[in-house]
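Breakdown of the fold
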Amino acid sequence: MLALAGGLVLALTGFSGRIDVARADTAPDNNANPYFSLSVDPAATQNLVDGQAIPFTVTRTDLGTSTGLEIAAVGTGWCQSDVQLPISEDPGNQSFNSLTTGFPVVNATTPGAPPANCLDYVNSDLSGIVSNGSSLPTIAPQPNSTINAAGGEGDYPTVSGQTLAEVGQGGQQPLPFNGISVNCLPSAPCTLALAVWTVNVMVPGQNSVYFLGVPVSFQSSSAGLACNGPAPGQVASESPDRLGETVTQWGIDACQSGLASGQSLTFNLGSSNSDDEALCAFASGSVDLSYSAVGYGEQGSGFSPSNCQGGAQPPRAYVAIPVGLNAIVLGHSPNDVQSPPFQSFGTGLTHFSQLKITIAQFAQLLSNGGYVDVSASGAQTNDTGTWTSQLGQGILALNPELAHAFQDSCSGCVIVGTGSGVGVAATSGTDATTYLVSRFLDALVPGQLVSAPNHQADSPPQQLGTTTNFGAPPPAYDVQTYTGRSILAHYMTPLSGTAWWTVTDAATAAATWGGVDDFALQAPDSLTATSDQATYVAPTVAAMQAAVANMTAQPDGTLLPDPQGGAVNGVEPYPLTYVEYAIAPAAPLMNADCTPNTSGQTDLSQWLTFLVGPGQNDLPAGMAQLPSSLVTQAQADIAQVGSAAAACSPSSSVSSSSAASSGGAASPGAPLAFGSAPPAPFDSLLSFLGAEGASAGSASSASKGGGAPGSPSKGASRPAPLSLAAFEAVTPASWLFPLLGVLVLALLLPGLVLLASGRSLTEVLGGLRSGAHPSVAQSPDPAPQQGDVGGET
């Protein structure tokens, strides 16, 4: 019967236990243009997350060459998956600059029909950025003097560029896109469309727009459906936002490698979290594993459980296992502006070559954006905060290319954006990256860390120092905070004017717009050298691994960067390298009744062993594998997990796992703790409804018991799929059909049961009436005890 129920859910809702991403409709062949071809790596079009870069190349065919077509620019847009794009159309009165992104209204292939459902953008966050009139990067070819088909100078047969994956529901846009709607969602794949604006050198004055397209699908937030369901002792975990996608990929690869028979060993909360939230969730017992680049620190530390939101938590003992190397970088949006070869046709953008910055410039940029000059003697003078300021001129002296980023005519613009106080984009919350970068600068150039003057409050510059949260009250660093990597991707949209700079971790920098241009940082051992004589080091794998030897150990075993570290075996280390850790319990996992949670402990050990073994091959761009010294240390640390003395009482278990997680049924009245799998028979049924549904059941149970007293409600009430790597809002389309399926299921199941029993409806109703007045030989079933979630079948 349970299998029948699962089949019905699959039939009614369209959910599958193994496939969480609908495939795009490939019926319309939008890449069969006889004049141009489109090349896109298939990996860049399937299972995407919001903000992911999609590199592409448009190439002219032999027919396009003989026709005399030259690529002027390429604009990107989004269409419904069933749209058949026309081969070309006359742009009419539409000039390239009249549209926000250079994507035109697409005429229908049938004469007289309404325009095709195609938009220039679908993501509301992105639309907010471009609504100010700023253009998205429309790709223009580089000027050249190659002879074209008409015998003139300038031949433009190909263009390579990238666009940004957008997850959202487009519509309600201004003219000429009003009345058009396009959805790009995990449940609604769409088409990435490219408009190739051309001129014909054989027919002067003939401008046409050619269209190409490729199906795109988006990743569901429940990556856990890639596995064969949860492992019996599945462990709940929480990570800061920067590691959410990394933990997701670890989980998927672990399942695909056959680890634990393909079952997911953990499910992780990561989207929009900070380090203190992950550590507090661990301390409270709402998860049994967290990830962070720091430990609790001292009592007054921003990461101490005594400072948890919602109340202080006991300092749950842990073992910190190194799982990878990351680094803090200063990045710049890849917007090296090139003059377009055709007037009014787009803007050519390229990446910068390796940028450089001194430690003092880094400190001044981050703290006040160039509004205060600080001399070597410590004297402070107000400045303009523009490219003509001391800071602006110093950065340009090291990086002449940056002059193209703000145009020669905008030398009076502020350094960090388009208006005063925009600031460097930096993550919000109490985060390890914030602490480590401010600690580094405060140790080396404390005099440069001064806030910008607040003229409205008549407040002069004030001294800053080490902080764990850039969103702290004033005096504050000159930053623009964001929450979530997808928001950073929108902030760093080239030419958007929202943010040109970011201070973030190297993995996030590498994933934003296909990689923001990071700066090589002045080596601390050349701090006294002039800027043109100093040594600059980029965050390469070799430089990051060399930095480990300079790190200093904390009492809890975690390593922190040494601001004074020098060369190691002839390799100059990248000074802002740090270690990412898995924070695991020192005490053994216990069930709610204080019996050992052996399956959970086994799953945890398997997972940690995978992370420091095969999982090292899954680290994203920007991160580096552990050197052999840290691998050895990690293996020794894993052996210490669960080795401390257990401290447990049946009424208040520090652990977050239950009897159900060890494979047995929950005892009557025993609350299910967070981190346990839903009990049979609901586990199999909920898996059909998506990992969010199953995980929400676990999380809800935790709010009734199993967590440490005083634990914050946040960690015990949120749904917890394997990993929240996608950054999307829950839309009606994502829950309406499952809800209808469940309602229909509730009506059909009784009928199926009746049919299987061979009894008539009259007999069943008669039995119910007799059951209401049982005879002496018939005793009513005992009432279910409070806390029961289901009976045996």
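The sections below set out a description of the structure shown in this document.

Digging into the overall build of the chain
Counting its regular elements, the chain contains 18 helices and 27 strands. Taking all 793 residues of the chain together, the buried fraction comes to 53%. Put simply, 76% of the contacts in the chain that link residues at least 6 apart link residues at least 24 apart. For the chain, the computed accessible surface area is about 31600 Å², with 55% contributed by carbon and sulfur atoms.

Description of the packing of helix α4 (residues 244-256) against helix α12 (residues 598-612)
Packed helices, taken two at a time, are described by the angle between their axes plus the distance between the axes. With their axes 11 Å apart at the nearest point, α4 and α12 run at an angle of 105° to one another. It follows from the interaxial angle that α4 and α12 lie roughly perpendicular. Contact with α4, carried on its side by Val247, Trp250, Gly251, Asp253 and Ala254, involves Trp607, Phe610 and Leu611 of α12 and no other residues of that element. Here the contact of α4 with α12 is composed, by residue class, of 6 nonpolar, 1 polar and 1 charged.

Description of the sheet that holds strand β4 (residues 88-89)
Spatial strand order, β4-β10-β9-β3-β5: 5 strands in an open sheet with antiparallel pairing. Every interior strand has two partners, whereas the edge strands, β4 and β5 (118-119), have only one. Alignment of β4 against strand β10 (residues 207-216), held across 2 bridges, turns out to be antiparallel. Bridging across to β10, Glu89 finds its partner in Val209.

Observations regarding the sheet that holds strand β2 (residues 53-60)
The strand order across the open sheet built from 3 strands is β1-β2-β6, with neighbouring strands paired in antiparallel fashion. Strands with a single pairing partner mark the edges of an open sheet, and in this sheet they are β1 (36-39) and β6 (158-164). The sheet shows a mean angle of 25° between the axes of neighbouring strands, taken without regard to direction. Relative to β6, β2 is paired through 7 bridges, and the arrangement is antiparallel. Residue Pro55 lies in a different strand from β6, and its bridge partner there is Gln162.

Considering the pairing of strand β23 (residues 517-522)
Most of β23 sits inside the fold, with 5 of its 6 residues counted as buried. Across 2 bridges, strand β14 (residues 318-332) lies against β23 in antiparallel orientation. Directly across from Gly331, in β23, lies its bridge partner Asp518. Relative to β23, strand β17 (residues 355-357) runs parallel, the two being bridged by 3 bridges. Counted as the bridge partner of Leu355 is Phe519 from β23. Alignment of β23 against strand β24 (residues 536-537), held across 2 bridges, turns out to be antiparallel. Counterpart to Leu521 in the pairing with β24 is Val537.

So, the packing of aromatic side chains
Across all of its chains, the model carries 12 aromatic pairs by this definition. Taking 6.4 Å as the distance between ring centres and 50° as the angle between the ring planes, the aromatic pair formed by Trp78 and Phe218 counts as tilted. Here Phe218 lies in the loop between β10 and β11 (230-238) and Trp78 lies in strand β3 (residues 69-80), a separation of 140 residues in the sequence. Residue classification places Trp78 among the buried residues on the basis of a relative accessible area of 1%. Their ring planes at 75° and their centres at 5.9 Å tell us that Phe303 and Tyr435 sit as a pair that is edge-to-face. Here Phe303 is found in the loop between β13 (289-292) and β14, whereas its partner Tyr435 is found in helix α8 (residues 432-444), with 132 residues between them in sequence. On the basis of relative accessible area, Phe303 is assigned to the buried category, the value being 3%. Its end group placed over the ring of Phe282, Arg316 keeps NZ or CZ at 4.6 Å from the ring centre.

What about the packing of helix α6 (residues 359-368) against α8?
At a minimum axis separation of 10 Å, α6 and α8 run at an interaxial angle of 125°. Taken together, the axis directions place α6 and α8 in an arrangement best described as oblique. For α6 against α8, the interelement crossing comes out left-handed. Mapping the contact onto sequence places Ile359, Phe362, Ala363 and Leu366 in α6 and Val437, Phe440, Leu441 and Leu444 in α8.

Some details on the pairing of strand β9 (residues 190-200)
In terms of residue burial, β9 counts as a mostly covered element, since 11 of its 11 residues are buried. Of the strand pairs in this sheet, β3 and β9 are connected by 11 bridges, and their pairing is antiparallel. Note on β9: the bridge partner recorded for Ala73 is Trp197. Inspection of the sheet shows β9 paired to β10 by 10 bridges, in the antiparallel sense. Within β10, the residue paired with Thr198 across the bridge is Ser208. Between β9 and β10, which pair antiparallel in sequence order, lie 6 residues; one of them, Gly205, sits at a positive phi of approximately 90°.

Examining the pattern of salt bridges
Opposite charge on two side chains allows them to pair when their charged atoms are near. Under the definition given, this model contains 6 salt bridges. For Asp155, the salt bridge is made with Arg60, and the minimal N-O distance between the two is 3.2 Å. Taken as a pair, Asp155 in the loop between α3 (124-130) and β6 and Arg60 in strand β2 lie far apart in primary sequence, 95 residues in all. Overall, the relative accessible area of 16% leaves Asp155 in the buried class.

Considerations on the environment of Val445
Looking at where Val445 falls in the secondary structure, it is placed in the loop between α8 and β21 (479-482). C-alpha separation for the pair Val445 and Gln364, spaced 81 residues apart in sequence, amounts to 9.5 Å. Among all residues touching Val445, those that are not within four sequence positions of it are Ile359, Ala360, Ala363 and Leu527.

A look at α6
Across the 10 residues of α6, 9 count as buried, placing the element largely inside the fold. Every buried residue belonging to α6 is among Ile359, Gln361, Phe362, Ala363, Gln364, Leu365, Leu366, Ser367 and Asn368, and all of these are buried. Positive phi appears at Gly369, one or two residues downstream of α6, with a value of about 65°.

What about unusual backbone geometry?
Here the phi dihedral of Asn569 falls at roughly 50°; this positive angle occurs in a residue that is not glycine. Mapping Asn569 onto the fold places it in the loop between β26 (559-560) and β27 (577-585). Positioned with a positive phi, Cys594 is a non-glycine residue whose angle comes to about 70°. Here Cys594 lies in the loop between β27 and α12.

A look at helix α5 (residues 275-284)
Count 3.6 residues to each turn of an α-helix, and residues three or four apart come out pointing the same way. Taking burial as the measure, the 10 residues of α5 include 10 buried ones, the bulk of the element. What α5 keeps buried is the set Asp275, Asp276, Glu277, Ala278, Leu279, Cys280, Ala281, Phe282, Ala283 and Ser284. Immediately beyond the C-terminal end of α5, within one or two residues, lies Gly285, with a positive phi of roughly 90°.

Section: the environment of Asp120
Relative to the assigned elements, Asp120 resides in the loop between β5 and α3. Residue Asp120 is classed as buried on the basis of its relative accessible area, which comes to 4%. With 42 residues separating them along the chain, Asp120 and Trp78 place their C-alpha atoms 6.2 Å apart.

Some words on the nonpolar core
Among the nonpolar cores identified, the biggest contains 111 residues, and Ile321, Phe362, Leu366, Trp501, Trp607 and Leu608 are the most heavily contacted of them. With 10 residues, the top contributor of residues to this core is β14. Among the nonpolar cores identified, the runner-up in size contains 33 residues, and Phe36, Leu119, Ala165 and Cys184 belong to it.

Conventions we followed
Residues numbered from 1 in each chain as written. Predicted model: local features only at pLDDT ≥ 70, side-chain atom pairs only at ≥ 80, totals over all residues. Heavy atoms only, no water. Helix = DSSP H or I, 4+ residues; strand = E, 2+ residues; numbered from the N terminus. Buried < 20%, exposed > 50% of the residue type's maximum accessible area, 1.4 Å probe, protein only. Contact = heavy atoms within 4.5 Å. Areas by Shrake-Rupley, 256 points an atom, 1.4 Å probe, with all protein chains shown as cover. Axes fitted to C-alpha atoms, helices over the stretch in contact; angles between N-to-C directions. Parallel < 35°, antiparallel > 145°, perpendicular 65-115°, else oblique. Nonpolar A, V, L, I, M, F, W, Y, C, P; charged D, E, K, R; others polar. Pairing = 2+ DSSP bridges. Phe/Tyr/Trp six-rings, centres within 6.5 Å; stacked < 30°, edge-to-face > 60°. Lys NZ or Arg CZ within 6 Å of the ring centre and 35° of its normal. Left-handed = near helix turned anticlockwise from the far one by under 90°. Salt bridge = Lys/Arg side-chain N within 4 Å of Asp/Glu carboxyl O. Core = buried A, V, L, I, M, F, W, Y, C linked by side-chain atoms within 4.5 Å.

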